[in-house]
Amino acid sequence: MTNIKDNKELDHDVKMFKKYKNLLKELTAKNVKLKYRNSWLGILWSFIQPLLNMIVLSVVFGGIFGRHNKYIVCYPVFIFTGRLLFSFFSTSTKQAMTSFRRNAGIIKKVYVPKYMYPLSSIFSNFVTFAISILCLICVWIFFKATGLQGGSGLEITPYALLCFVPMFFLLVFSAGVGLILSVVAVYFRDIEYIWDVFTTLLFYMVPIIYPLQRITTPWIIFIIKINPLYSMIELFRQCVLYGYIMSWKLLVYAAVVSVATLIVAIIFFNWKSDDIIFHL
């Protein structure tokens, strides 16, 4: 009986998602437009912002980690690949976390599956993230053509076409984390400030500005490696930066963690979603 009930609930959820999928597209498009509203350069900031971040980080940390480092092919591209993926995770989860508060007026008046709001925040940031990949391609070509900062060591291989795999895992993982945070933030508003501090700490606990080989303390290496973001960023770099086939161990770990996180998030969200409106 329990299995029949669970199957009926799953079928209902799938039907509701199909019914409102066009709304999800509209909310995603709206979020993208609002992000660049009243901005002179508009969506060009998807190119400019990651480029400026790369330049600043390269100037600040390049002399420490990037100079004569045998573990890094081209330090600016190394930073760009890590920063790009981390920025998507950080920004999308923060916006998903506040999605119910920002849409409280609509939620109280119109019935829409509540997961549409955090998911639209995740997907709109993924659109910006995908556009920023074009900027990464331009940066890669620039350093390869000029040979600056070790750019001559960059190699393009067919494995670069597999970069969408870690991008997909990152999307799934971010969606799971975003759904959980969106519910927790309704009951515990302080999580917004805690998460902001945590993501700052997380930035330095993932090899974005430094290679993992620079760390010599075993327990720190262990903590870094169990971080799902490390596996996804490293898989992306293996495709785009190093030009070799992805590690199957990292691939399996990223897949399992991202899917498991999303499943837990869906269960938790369904458990608490009906009470959200009473706490907004």
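Residues numbered from 1 in each chain as written. Predicted model: local features only at pLDDT ≥ 70, side-chain atom pairs only at ≥ 80, totals over all residues. Heavy atoms only, no water.

Enquirer: For this particular structure, what's the right way to read the overall build of the chain?
Expert: Regarding its fold elements, the chain presents 12 helices and zero strands. Sequence-ordered secondary structure for the chain, helices as α and strands as β, is α-α-α-α-α-α-α-α-α-α-α-α. Counting every position in the chain, which comprises 280 residues, the buried fraction comes to 48%. Of the contacts made within the chain by residues no fewer than 6 positions apart, 76% connect residues no fewer than 24 positions apart. By element, 68% of the accessible surface of the chain is carried by carbon and sulfur atoms, the whole surface being about 15,300 Å². (Helix = DSSP H or I, 4+ residues; strand = E, 2+ residues; numbered from the N terminus. Buried < 20%, exposed > 50% of the residue type's maximum accessible area, 1.4 Å probe, protein only. Contact = heavy atoms within 4.5 Å. Areas by Shrake-Rupley, 256 points an atom, 1.4 Å probe, with all protein chains shown as cover.)

Enquirer: Honestly, the pattern of salt bridges in this entry has me stumped. Any pointers?
Expert: A side chain with one charge can pair with a side chain of the opposite charge if their charged atoms come near. A full pass over the atoms with the stated rule returns three salt bridges. With its nearest N and O atoms 2.8 Å apart, the salt bridge here joins D196 to K94. Placement of D196 in helix α9 (residues 191–205) and of K94 in helix α4 (residues 75–97) is noted, with a sequence separation of 102 residues between them. Accessibility expressed as a relative area gives 37% for D196, which makes it partly exposed. (Salt bridge = Lys/Arg side-chain N within 4 Å of Asp/Glu carboxyl O.)

Enquirer: So what exactly am I meant to see when it comes to the environment of E192 here?
Expert: Inspection of the secondary structure puts E192 in helix α9. Taking relative accessible area as the criterion, E192 reaches 16% and is therefore assigned buried. As for E192 and T98, which are separated by 94 residues in sequence, their C-alpha atoms are 7.9 Å apart. In contact with E192, not counting residues within four places along its chain, are M97, T98 and R101.

Enquirer: Just checking my understanding: could you explain the environment of L134 for this structure?
Expert: Its location among the elements puts L134 in helix α7 (residues 116–146). Residue classification places L134 among the partly exposed residues on the basis of a relative accessible area of 46%. Along the chain, L134 and F47 lie 87 residues apart, while their C-alpha atoms are 7.7 Å from each other.

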